Every structure is written in C-alpha cells, then in structure tokens.
Amino acid sequence: MKELVCIVCPRGCRMRIAEENGNLQITGNGCKRGAAFAESEVRDPRRTVCTTVRTAFPDVPVLPVRISKEIPKDKIFDVMREISRTTVRTRLGRGDIVLENALGLGADVIVTSNVLNETESERRKNDGTSACADL
Amino acid sequence: MTASFYDVIVIGGGPAGLAAAISAHDSGARVLLLEREARLGGILKQCIHDGFGLLRFGEKLSGPEYAERYMDELRAREIDVKTLTFVTKIDNTGDGFRVHTVSRGGVAVETARALVLATGCRERTAKQVFIHGTRPAGVFTAGTAQHFTNLLGLQPAKRCVILGSGDIGLIMARRLTLEGAEVLGVYEAKPTPSGLTRNLHQCLYDFDIPLYLSHTVTRVFGADRLEGVEIAEVDETMTPIPGTERRVDCDALILSVGLIPENELAQSLGVRLDPRTKGPACDGDCMTNVDGVFCCGNALHVNDLVDYVSENAAQAGKAAALYRPRERRLIELQPSDDLLYVVPQTLDLQRAGDALTVYFRARKEENGCTLEITADGKTVFSKRYAFLRPPEMEQLTLRPGEWNLSETSVVRFSLRRPEQEAQR
C-alpha cells in the first residue's frame, strides 16, 4: 500500500495504491487523470519542466520555455543542462520550438511567451523601453 | 492636462484587470485600462511554471501563456490601454470619478462613471515579520527572487533558506534548485503548511528539500551580504522557544510569508476594508460600500488560483459596465469562527434573485465536515466536504432568492463537524 498526492490539478487528491498480482488498485482519485497519474508514478514517474532560456536580446535577457510533454523524473537536470547551453538569437514567439527532441526524449522545448515579439513591435513604435525596466 | 470620458476605468493590468476590462467592454462599456508597468500581465509575467488555467481552459498553462490569452482577447477589442501610467489620486465627484495619472506623456485626468480596482496584492516583507539583525543584501521576498530569476535572468542565491511555505516560496524552492542553487530548507512558523498540497509534493518532496514546521528565522547575520540566519523552534503562539536557536550559513533568505491586498487607492476613496480579507467588503456584484467603485482579484482577497481571479474579475467588469446609481438594500453574510472569511461580505436584496458566487476558506484543516448556511436560524444550504484546508479556497454558487430574505435577516456561514452531527 502506497499513499500519494495527485499533482495533476490544484485539488491535490490523496490517493492510495495497492498492488495485486501486478495490477494496481487505485482509490481516492477524483478523476481519471488522477488514476493515470498514480499508475505512471508507480511505474514510470514523469514530470514537466518549466524554465527560461538565455537570449541574445538585452531587452529580454531570458525567455520562458517548457517542454512539450513530460519526461522521466530523473532526466530533469539533464534537460536543464541542455537548455542552459542554448541561446535564442531570433525573436521567437509563443509555441515556437527552441530545442527539438531534447536529449532524444521525444519532448521539444517550446517558448511560452510572445514577449520578444511584443517588445520588438513596441520598440519600433516607441523608443525601445526595456520590458524589464521596472522592478 | 487632457481629459476624456469613459464608462469604466480599470486600474491594474494583471489577470484581474484584463478579465474585468474585456468583460466590461463586452457588456457595452467604453473602457480604459491603466497599468503602471511597461507590460500587461501582472505577476503572471514572471510565473513561468505551469498549472494555470485548468479550471478556466481545461489546460495546464504557464503564467505567461495564461496572461497572453487574455492580452490577445484585449487587443482584439477596442479597449484603450495605457501602460507605464501610474494613478496618483482619484476624486469622487458624486456622479463619477476623476482619475489623475502620471506617465511619460505627463499628467492627465481621465473621467469615468465607474471604477474597477484590480490592484492586486503585495508581499509581506522582512520588516513586517520582525526579523532582527543587520541589513545585508540577500534578503528577498519570493516574488523579488522570482523577478530576478525569471525576467532578468540573474541568480539571486547559491545557498538559501526559505521562510514561509506559501505557494510562491515553494515554487521558488524548485526553481532555484533547477537553476543550480542549494535550498537548505523551507521553514514555516505555523504547524501546518501554507501552500497547496500539490506544490509541497512537486516542489519540495520531488527534490528532497526539507520542510520544517513550527520553525522560524529569528535573526540574520552578515555585513554587506547575508552570511547566515538563526533558526528557532516556535510554540503554539508562534513565539520562539529559548534554547532551540541554531545558525544556518547561507547567502540568501527568501520570504514567502503572506500576501496583503493592495488598497491604498480604495482607502483614499473611503472604501471600507474587511479585517478578515484585508480587502474591500463587497456585495455580490463586487461593488464596495462606495457606489460605483468595484474591486476584484487579489485586491479583493488573496486567491490561490488565477482561474478564480479571472472569473471574479469578469463579474466585476460586467457589473461596472451595467452600473447605474441606485439604492442598495444590503444584508451581511456572516462567517462563524470556523471560517477565515466569506466573500462577498454583503448581499444586495434587490439582486437576491440572481445566482450568487461565494468564496470561503476554513480557519484550520478539517477532515469531513459540512458547510451550513442559515438564514434567520433556518438551514438554507449545506454541503459536505471530505477535506477543507485554509490554503485551498472553496467556491459555491448560491440562490439566495429562495431563502425568503428581508432587510433584518441574518445570514450565517458555519461548519458542522461529525461529532456535532452525532449530537443532532
């Protein structure tokens, strides 16, 4: 018997997992996604990664990114290292791919903000105020 | 000085202001949105982690993705937006409001029939939690550390201690760990964690970061840069226990010790604040005691999910757009001591026929209890909960039109526990 808190949604259901002849008995989950999470947590725990990637643009020194699908939990720091070796040199927008199939894990690193394009259009319009000017 | 007339002015361009402006526009109002920073999106700009939007969009979005969905919606409409614009003063003229602003263009006055205050909240600082010692660099609020890391690309700590187990503190524990910092521990003065359960798991336990309950930071050391902190155990009144002090060497102390709604503008207008939420006391339309002044999002009460903020703000924006001066017949919604608060605080009898969205938090952790609402002593609503935790806000949709309310009615919210159930 194993106890687990679901991290799929903010409800944070407390689940119990029992294993019988290789079959998992999951209770306490509020939805199907919880059962899927519990199963994956026992057999192959995976996580998403949200971080930033360095850019060549002084007005937006880092750009937020995430991975397109979850990766094995023990690969998180390997993917972080790969992302830290990268510099974005074109004005990528939300949904654009920074790194394809990172470390061969089948997950792309994708941009989650349009800030680079936004500041570009603002820069043309105005006087190049940095998006990070005010703390 | 220039002046222009709007139906609704929304102050604050974070998630609440964005949703309020869109909703006010869609309800037929001419809308102006004012934001003091260079970019819209508020705190979500720096909340690069995911988990936003599950209720609203059925998707797990990062903060920027969630905010930009609303920013795209805003741009698709004819809504006037002024960024880098700070509100210095508001006059209530009786039939509307004169909003004084300062921006790179100079000073200006904008006029509107109704206001939506979407000014968000601020973090409690080191000075507000009485930490003694020197004043070295390296003591940050979690939001400041997040700003450095996620927007400026700077690492604020190599070896740090986090005080407080609020969600931003937990998120930053993971974030700094991912960026190569050593997080020595999260210390929480209360006997229970303040953040969402899922954040304890995915931010601390996943990375073997220890959580120390009933512990606090009592002192900081260091001249120019922080060199260490003193940790002590605390008793049930959160007072440090003498003899339990120990020193932990670190170069940063990150505080996640609570958020306070920001209501300086509201107070300057004579808006009455609820001491429980520290935000304005509002009716079911999010209108404060001052006619024509609406409040939403974290300025109204600190939310744990942005999805609730958007929902509540859209309601406030619509109500502000439809606002016409009228007599209100308000009755109070009274929380018992089992509850931290109930929002809204009042109900307008003239609007009792409409559905009423109510948010509440339990004062302490409850395992199996029933929320009960009584009107003049008669139970008018009840709902069972398997768990209630103070960090996890609950939402209800009520139909007060069915409760036979009058101006002298007393509406009370309380919790009934199983042992009380057995006595009945």
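Throughout, residues of each chain are indexed from 1 in the direction in which the sequence is written. The naming scheme follows written order: chains are lettered A onward, ligands numbered 1 onward. Selection of residues for local features in this predicted model requires a pLDDT of at least 70, selection of side-chain atom pairs for listing and counting requires 80 or more, and totals for whole chains, interfaces and linings are taken over all residues.

Regarding the overall build of chain A
- In terms of regular secondary structure, chain A is built from 3 helices and 10 strands.
- Strands here mean DSSP runs of E at least two residues long; helices mean DSSP runs of H or I at least four residues long; both are numbered from the N terminus. Beginning at the N terminus, the succession of helices and strands in chain A can be written as β-β-β-α-β-β-β-β-α-β-β-β-α.
- The buried share among the 135 residues of chain A stands at 33%.
- Once C-beta atoms are placed from the backbone, any two residues with those atoms within 7 Å are in contact. Contacts in chain A between residues at least 24 apart in sequence constitute 45% of all its contacts with a sequence separation of at least 6. With C-beta atoms placed from the backbone, a residue is buried if 20 or more other C-beta atoms are within 10 Å of its own, exposed if 12 or fewer are, and partly exposed between those counts.

Comments concerning the domain arrangement of chain A
- Boundary definitions for the domains trace back to an automatic or database domain assignment. Taken as a whole, chain A is organised into domain 1 (2-43) and domain 2 (50-125).
- For domain 1 of chain A versus domain 2 of chain A, the separation of C-alpha centres amounts to 31 Å.

Describing the domain arrangement of chain B
Residues and elements named next belong to chain B.
- The domain architecture assigned to chain B consists of domain 1 (1-123 + 259-326), domain 2 (125-257) and domain 3 (327-424).
- Summarising the inter-unit geometry, the C-alpha centres of domain 1 and domain 2 are found 31 Å apart.
- Listed as interface residues are 7 residues of domain 1 and, on the opposing side, 11 residues of domain 2.
- Under the scheme applied, nonpolar residues are Ala, Val, Leu, Ile, Met, Phe, Trp, Tyr, Cys and Pro; charged residues are Asp, Glu, Lys and Arg; polar residues are all the others, including Gly. Classifying every residue of the side of domain 1 that touches domain 2 by side-chain character gives 2 nonpolar, 2 polar and 3 charged.

A look at the interface of chain A and chain B
- At the junction of the two partners, chain A supplies 26 residues and chain B supplies 24 residues.
- Of all the secondary structure elements, the ones that give two or more residues to the side of chain A that touches chain B are β5 (50-55) and β6 (62-67) of chain A.
- Broken down by element, the side of chain A that touches chain B gets its largest block of residues, 4 residues, from β5(A).
- Residues that form the side of chain A that touches chain B fall into these classes: 13 nonpolar, 8 polar and 5 charged.

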